[in-house]
Amino acid sequence: MEETRISALIDRYSGLVLDAFGVLIDSGGALPGAGELVERLNRTGKPYYIVTNDASLLPGAWARRFSSFGLPIEEDRIVTSGSLLKPYFAAHGLAGARCLALGPPDSLGYVKLAGGQVVPPSGSFDAVVILDQSGFPFLEAMNAALTAMFRKLDRGERLEILLPNSDLVFPAAGGSFAFASGSLALMFEAAL
């Protein structure tokens, strides 16, 4: 099989879509050659977008993170799995829904941008949104969410669980692996 070089892809296509993790970065920073690739795309004006199923950060925060890795990528070129919540909320009548959102503070912005209202684990909710596996008091929030879910089901109420990223694990820096947000959903599913 013949090896395909990035220069051939740039020449062949009118635009490119690149995955963030494993192509440009890992959890430790930029991968070899990523800086040169982004600089080349920016210099040539070739349209490109970066996609990631990581909903822990809003696109502006992602742009700052990429920049800290030496990758000058503009916010409007970044598409995350969290950005899919807005059309989902619109299509499923969830505007104004009270959402128990699990993830770091920045990721909760996706719920707000979608038209939802973020409520604490102890509050009454219409939907559970699992945005990330980190950035919140894990055991306390998971236990509170599970308790609230059981109570909701005991009352015969509908339970909506939204999961922008269903990955169970992800490759971390140095060849290691870590649990992803899909593992949280799997825990709830097994318990319920």
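The structure reproduced in this document is the subject of the present report. Remember, predicted model here, so these are calculated numbers, not experimental data.

For the chain, the count of helices and strands is 7 helices and 11 strands. The dimensions of the chain, computed from C-alpha atoms along their principal axes, are 60 × 35 × 35 Å. A separation threshold of at least 6 residues defines the contact pool for the chain, and within that pool the share at least 24 residues apart is 65%. Summed over all atoms, the accessible surface of the chain reaches about 10300 Å², with 56% contributed by carbon and sulfur. Each charge sign in the chain was given a centre, from 15 positive and 20 negative side chains, and these centres are 5 Å apart.

Turning our attention to the sheet that holds strand E5 (residues 78-80). The parallel open sheet is built from 3 strands, whose spatial order is E1-E4-E5. Sheet topology places strand E1 (16-19) and E5 at the edges, where each strand pairs with a single neighbour. Along the sheet, successive strands turn relative to each other by an average axial angle of 25°, direction set aside. Looking at chain direction, strand E4 (residues 48-52) and E5 are connected through 3 bridges and run parallel. Its bridge partner being in E5, Val51 is matched across the sheet by Val79. Strand contacts of helix H3 (residues 59-68): E4 and E5, with the helix running at about 120° to E5, the strand carrying the most contacts.

Quick look at the sheet that holds strand E8 (residues 127-130) now. Sheet strands pair via backbone hydrogen bonds, and the direction of the pair is either parallel or antiparallel. Pairing within the open sheet is parallel, and its 4 strands lie in the order E7-E6-E8-E9. Lying at the two open borders of the sheet, with one neighbouring strand each, are strand E7 (117-119) and strand E9 (160-162). Recorded for the sheet is a direction-independent mean angle of 35° between the axes of neighbouring strands. Pairing of strand E6 (residues 98-102) with E7 involves 3 bridges; the strand directions are parallel. Looking at the pairing, Arg98 lines up with Gln117 of E7.

As for its placement among the helices and strands, Thr80 is situated in strand E5. Beyond its immediate sequence surroundings of up to four residues, Thr80 is in contact with Thr52, Asp54, Leu57, Trp62 and Tyr110.

Attention now goes to the nonpolar core. Ranked by internal contacts, the top residues of the largest apolar core, which has 20 residues, are Leu24, Ile50, Phe66, Leu71 and Ile73. Listed by contribution, the elements that provide at least two residues to this core are E1, helix H2 (34-44), E4 and H3. Setting aside residues no more than four positions away along its own chain, Leu71 makes contact with Leu24, Ile25, Ala30, Ala34, Gly35, Val38 and Phe66.

So, on to the environment of Ser134. If you trace the backbone, Ser134 turns up in the loop between E8 and helix H6 (138-154). What makes Ser134 partly exposed here is its relative accessible area of 36%. Taking the C-alpha atoms as reference, Ser134 lies 6.3 Å from Pro104; in sequence the two are 30 residues apart. Discounting residues that sit within four places of it in the chain, Ser134 has contacts with Gly103 and Pro104.

Attention shifts here to H2. If you check which residues of H2 are buried, you get Ala34, Leu37, Val38 and Leu41. Buried residues along H2 cover an arc of 95° about the axis, so they all sit on one side. The outward face of H2, more than 90 degrees from its buried face, is lined by the exposed residues Glu36 and Arg43. Where H2 is buried, its residues contact helix H1 (6-12), E1, strand E3 (29-30) and E4. Positive backbone phi, at 80°, marks Gly45, one or two positions downstream of H2.

Basis of the calculations
- What you see as residue numbers is a count from 1 along each chain, following the sequence as written.
- The predicted nature of this model means local features are confined to residues of pLDDT at least 70 and side-chain atom pairs, given and counted, to a pLDDT of 80 or more, with totals for whole chains, interfaces and linings taken over all residues.
- Side-chain metrics rest on all non-hydrogen atoms present in the structure, leaving aside hydrogens and water.
- The way it works is that DSSP assigns letters per residue, a run of H or I at least four long becomes a helix, a run of E at least two long becomes a strand, and they are numbered from the N terminus.
- Note on definitions: a residue-residue contact is assigned when non-hydrogen atoms from the two residues lie within 4.5 Å.
- Areas reported as accessible are Shrake-Rupley estimates using a 1.4 Å probe. Residue values count occlusion only from the protein chains shown.
- Here Asp and Glu are counted as negative and Lys and Arg as positive; His is not counted, and neither are the chain ends.
- Charge coordinates come from a single atom per side chain, which is NZ of Lys, CZ of Arg, CG of Asp or CD of Glu.
- Note on pairing: two strands pair once DSSP finds at least 2 bridges between them.
- Axis definition: a line fitted to C-alpha atoms, limited for helices to the stretch in contact. Angles are taken between N-to-C directions and run from 0 to 180 degrees.
- Each nonpolar core is a collection of buried residues, namely Ala, Val, Leu, Ile, Met, Phe, Trp, Tyr and Cys, held together in the definition by side-chain atoms within 4.5 Å.
- Remark: exposure states derive from per-residue accessible area (1.4 Å probe, protein chains only) relative to the maximum for the residue type, with buried under 20%, exposed over 50%, and partly exposed in between.
- Summarising the geometry, the arc corresponds to the directions from the helix axis toward the C-beta atoms.

That is the geometry; function is a separate question.
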